[in-house]
Each structure stands twice: as structure tokens, then as C-alpha cells.
Amino acid sequence: MKRRLLTILLPLAAASLTAGCTTFTDNDVAARVNDVEYSHEDLSGIIDAIGIPEESTNDLGTIRSVTNTLVLAAALHDYFRAQGIEVTDADRDAATQGLAGSLPTFLEAPDEVRDLLIDAQAHLTIVSALSNGAQAQLDAINAADVYIDPRIGTFDSATSAVVALG
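Residues numbered from 1 in each chain as written. Predicted model: local features only at pLDDT ≥ 70, side-chain atom pairs only at ≥ 80, totals over all residues. Heavy atoms only, no water.

### Digging into the sheet that holds strand E2 (residues 36–39)
- Pairing is antiparallel in the open sheet, where three strands are placed in the order E2-E1-E3. Each edge of the open sheet carries a strand with a single partner, namely E2 and strand E3 (146–148). Within this sheet the neighbouring strands show an average axis-to-axis angle of 15°, counted without direction.
- Judged from the three bridges that link them, strand E1 (residues 29–33) and E3 form a sheet pairing that is antiparallel. Residue pairing in the sheet places Ala 31 in a bridge with Ile 148 of E3.
- Its contacts with the sheet put helix H2 (residues 40–50) on E1 and E2, and the angle it makes with E2 is roughly 65°.
- Packed onto the sheet, helix H3 (residues 60–83) meets E1, E2 and E3 and runs at close to 30° relative to E1. (Pairing = 2+ DSSP bridges. Helix = DSSP H or I, 4+ residues; strand = E, 2+ residues; numbered from the N terminus. Axes fitted to C-alpha atoms, helices over the stretch in contact; angles between N-to-C directions. Contact = heavy atoms within 4.5 Å.)

Below, the structure written as C-alpha cells:
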């Protein structure tokens, strides 16, 4: 469990080490996956809960990594529902324990942020355990209608990642 959690969270931590800052002052939608919307406030809350150093909280690489994780988790949510794959309370409890053990500020995060992280972690853990996990992720992303605020970047379906514009 810890290894999977670290695999998911390491790209977020690595992104925090990159340079370049931008501040978002608009409260519009940061990302939308099908009918699920994430605000810039959601992204900031997750970045705080992960424990990203303050000097990197507005870094676009960090913001894209968090956005990418949320996009994948939301796409998997819809995919799991369509495939009849259930995320159980036990899955959520395991995700909660893993996040609490790995992220020092997780338990201090607002309920909404914790819920987003728990849901994302549970979905990502389940898909990584599937024998066809990589294909399931690809199928989920390909079936999703993804919008990314252009100030963050764009969603590149070829790489299944949030990338810089241009």
C-alpha cells in the first residue's frame, strides 16, 4: 500500500521542485471531467494537504500534477461505475490510512479536500491492482470529456496528461 501511495504522490512532490510561479485569482473551474468540476481552491487545498513547500504552491508543474491526478481519478470513477467496479468503504478506509500515514498535513485538511484525496487514492489503488490496469486507465481517459483551465494548461489525450499550452 505504501509503495503504491508513494508511486502516486511522488510525481506531485517532484513537480513541487520545479521553478516558475503563477498566481490564480479567478475562482472559475480549474478542471472538469464529464460532470465533475474542480475549482482552483480545490487544487490549492490539495497542494496544502500534500505538504508542498509554500514557495512551490503556485508552481504550474505542481498544479498540473495535482490536476492530472484529479482528472484520472474522476475518469476512473465514471469508468468503474460503467464497468460495475465498486469502490468500497474498506477501499476508502485503506486510502485514508495510507494518506494519513504518508502526508503529515492530511488530517488537518478540510473535509472536502480529504474526501477528494481519499477518493482519488482509492480509485488509483484499485486500478493499479487490476490485471488490465493500464488499459483501464487509458479507456477511462479516452471516454472522459476533459476540460482544463488554459491558465493551467491543456489535456493531451495522446499522453493522458495535463501539459503546458503550446
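What follows picks up the thread again.
### Structural notes on the pattern of salt bridges
- The full count for this structure, using the stated rule, is four salt bridges.
- Measuring nitrogen to oxygen at the nearest pair gives 3.6 Å for the salt bridge that ties Arg 92 to Asp 119. Of this pair, Arg 92 sits in helix H4 (residues 89–102) while Asp 119 sits in helix H5 (residues 111–129), placing them 27 residues apart in sequence.
- Across the pair Asp 111 and Arg 114 runs a salt bridge whose closest N-O atoms are separated by 2.3 Å. Of this pair, Asp 111 and Arg 114 both sit in helix H5, separated by three residues, roughly a single helical turn.
- Taking the relative accessible area as the measure of exposure, Asp 111 reaches 46% and is therefore partly exposed. (Salt bridge = Lys/Arg side-chain N within 4 Å of Asp/Glu carboxyl O. Buried < 20%, exposed > 50% of the residue type's maximum accessible area, 1.4 Å probe, protein only.)

### Concerning the packing of aromatic side chains
- In the structure shown here, the tally under the stated rule is one aromatic pair.
- Arranged with centres 6.4 Å apart and planes meeting at 55°, the rings of Tyr 79 and Phe 80 form a pair that is tilted. Across this residue pair, the class does not change: Tyr 79 and Phe 80 are buried. (Phe/Tyr/Trp six-rings, centres within 6.5 Å; stacked < 30°, edge-to-face > 60°.)

### Comments concerning H2
- Regarding H2, the residues found buried are His 40, Leu 43, Gly 45, Ile 46, Ile 47, Ala 49 and Ile 50.
- Taking the backbone nitrogen of Glu 41 as reference, a side-chain oxygen 3.3 Å away marks Ser 39 as the first, capping residue of H2.
- Looking one or two places after H2, you find Gly 51, whose phi comes out positive at around 90°. (Polar contact = N/O pair within 3.5 Å; in protein donor to acceptor, adjacent residues only side chain to side chain.)

### Comments concerning the pairing of E1
- Note that E1 and E2 share four bridges and pair antiparallel. The residue bridging Ala 31 from the neighbouring strand is Tyr 38, located in E2.
- Adjacent in sequence and paired antiparallel, E1 and E2 are bridged by two residues, among which Asn 34 carries a positive phi angle near 55°.

### A word on unusual backbone geometry
- Look at Asn 34: it is not a glycine, yet its phi comes out positive at around 55°.
- Considering the arrangement of structural elements, one finds Asn 34 in the loop between E1 and E2.
- Residue classification places Asn 34 among the partly exposed positions, given a relative accessible area of 22%.
- The backbone phi angle of Ser 160 is positive, close to 55°, even though this residue is not glycine.
- Residue placement: Ser 160 occurs in the loop between strand E4 (154–156) and strand E5 (161–163).
- Judged by its relative accessible area of 23%, Ser 160 falls in the partly exposed class.

### Notes on helix H6 (residues 133–143)
- Where H6 is concerned, the buried positions are Gly 133, Ala 136, Ala 140 and Ile 141. For H6, the buried positions fall inside an angular range of 130° around the axis, keeping them on one side.
- Residues of H6 that are buried in the fold lie against H3, H5 and E4. (Arc of directions from axis to C-beta.)

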